[in-house]
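Architecture at a glance
Residue-level listing of the chains:
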Amino acid sequence: MLGGMFLKEFGAMNLDFSNPNHKPQSVHFSAPAVFPRSVSQKTLKTSIGCTGVGLHSGWRVGLKLHPAAANTGIVFRRVDLIGGGTEIPARWNSVTDSRLCTVIADERGVSVATVEHLMAAFYGMGVDNALVEVNGPEVPAMDGSSWPFMFLMECAGLVELQAPRKALRIRKPKSFTNGTKRVSFTPSQGELRIDFEIDFKAAAIGRQVCSFGVTSETFKTEISRARTFGLLSEVTALREAGLARGGSLENAIVVDGDRILNDAGLRHANEFVRHKVLDAIGDLYLCGHPIIGHFSGTCSSHADTSRLMQQVLADPQGWDMIDVYDDTPAAVWHEAQPLAAMA
Ligand SMILES: [Zn+2]
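Notes on the structure in this doc start here. (Residues numbered from 1 in each chain as written. Predicted model: local features only at pLDDT ≥ 70, side-chain atom pairs only at ≥ 80, totals over all residues.)

**Observations concerning the environment of Lys-172**
You can see Lys-172 is positioned in the loop between strand E14 (166-170) and strand E15 (174-178). Judged by C-beta crowding, with 12 C-beta atoms within 10 Å, Lys-172 ranks as exposed. Residues Lys-172 and Gly-293, 121 residues apart in the sequence, show an inter-C-alpha distance of 9.6 Å. Residue contacts for Lys-172: discarding those within four places in its chain leaves Asp-315, Gln-317 and Gly-318. (Helix = DSSP H or I, 4+ residues; strand = E, 2+ residues; numbered from the N terminus. Buried ≥ 20, exposed ≤ 12 C-beta atoms within 10 Å, placed from the backbone. Contact = placed C-beta atoms within 7 Å.)

Below, the structure written as structure tokens:
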């Protein structure tokens, strides 16, 4: 970190202003060309994997994260299908379903579900490029949060690549309302900020609000461990519909009225709304870049976030791409040539 400082070196000057005859013989002045450093894209240092249960499928699924070259983005690949192996870019235009979780698919319909918690971990870790292999239809749920994926990435380590990191900057407000649900994006100063509000009839959840400036630090300490949740009545209905087959108290908070069924209780008093922030980060990363903007969600879902992102990207005046410079605290964002279109 350069801390926002433009360093200048002054040679030693010992002036005696009380002596009118005293003039400095020479003044050494140099201003080395130390400017904020362009942030490089990152990938994993080595491959790493884990195994877990898919929340909806109930299948035991193996997950492997591999390094990938600059400008690859996050790409998924199913390795369990005969003739499979097609790469599915984790991009907004690969999303085929976002009712219960976020599903991406290739043009043949080969899909990977529940990508959002892993995508949020990539965002929080600052990973731009990775290949994700799964041998089933869904990313394993692990404990229902992003924490286990962050742990994997920290174990693998990260390396910088020879390419600048670019961020998507929101330039114009965009919003829409759908009944009691509302989502919006407005421009912000050099960060992704997320406000979220939920309001559930179940007394154990009730109304919760939170607001975070999303950095690696806040993601890790405040957001990454918040688990997905469900109402006991809905879990029963989902199971009857063939969903949530892998759901358990090991990978979700389950609520029944004013009771939390998990013996160990909550990780944060407002863990539910924090998980909604986590979901939004994962879904927003489907734009392929970190975001400079202020996102607000009120009782909104994966589908609402996805629809808002599509509205933003459909308006060429509503966003641009900028190089990311390492010049904290607030970070300095230097203008770059706007890209003509998202790939
Ligand atoms: Zn979630």
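**Brief notes about the sheet that holds strand E5 (residues 48-53)**
If you walk across this open sheet you meet the five strands as E5-E6-E12-E7-E8, and the pairing is mixed. Both outer strands of the open sheet, E5 and strand E8 (87-89), are each paired with one neighbouring strand and no more. On average, adjacent strands in this sheet sit at an angle of 25° to one another, irrespective of strand direction. Bridging between strand E7 (residues 74-78) and E8 involves three bridges; their strand directions are antiparallel. (Pairing = 2+ DSSP bridges. Axes fitted to C-alpha atoms, helices over the stretch in contact; angles between N-to-C directions.)

**Quick word on the environment of Met-150**
Mapped onto the elements of the fold, Met-150 is located in helix H2 (residues 147-156). You can call Met-150 buried: it has 21 C-beta atoms within 10 Å. Taking C-alpha positions, Met-150 is 7.6 Å from Phe-122, a pair spaced 28 residues apart along the chain. With residues near it in sequence (within four places) discarded, Met-150 still touches Ala-121, Gly-124, Met-125, Lys-220 and Ser-224.

**Observations concerning the sheet that holds strand E10 (residues 103-105)**
One key point about sheets: their strands pair by backbone hydrogen bonds, in either a parallel or an antiparallel sense. Here we have three strands laid out as an open sheet, ordered E9-E10-E11, and antiparallel in their pairing. Across the chains shown, the open sheet's two edge strands, defined by having one partner strand only, are strand E9 (95-97) and strand E11 (111-112). Here two bridges tie E10 to E11, and the two strands are oriented antiparallel to one another. Bridge pairing in E11 links Ile-104 to Val-112.

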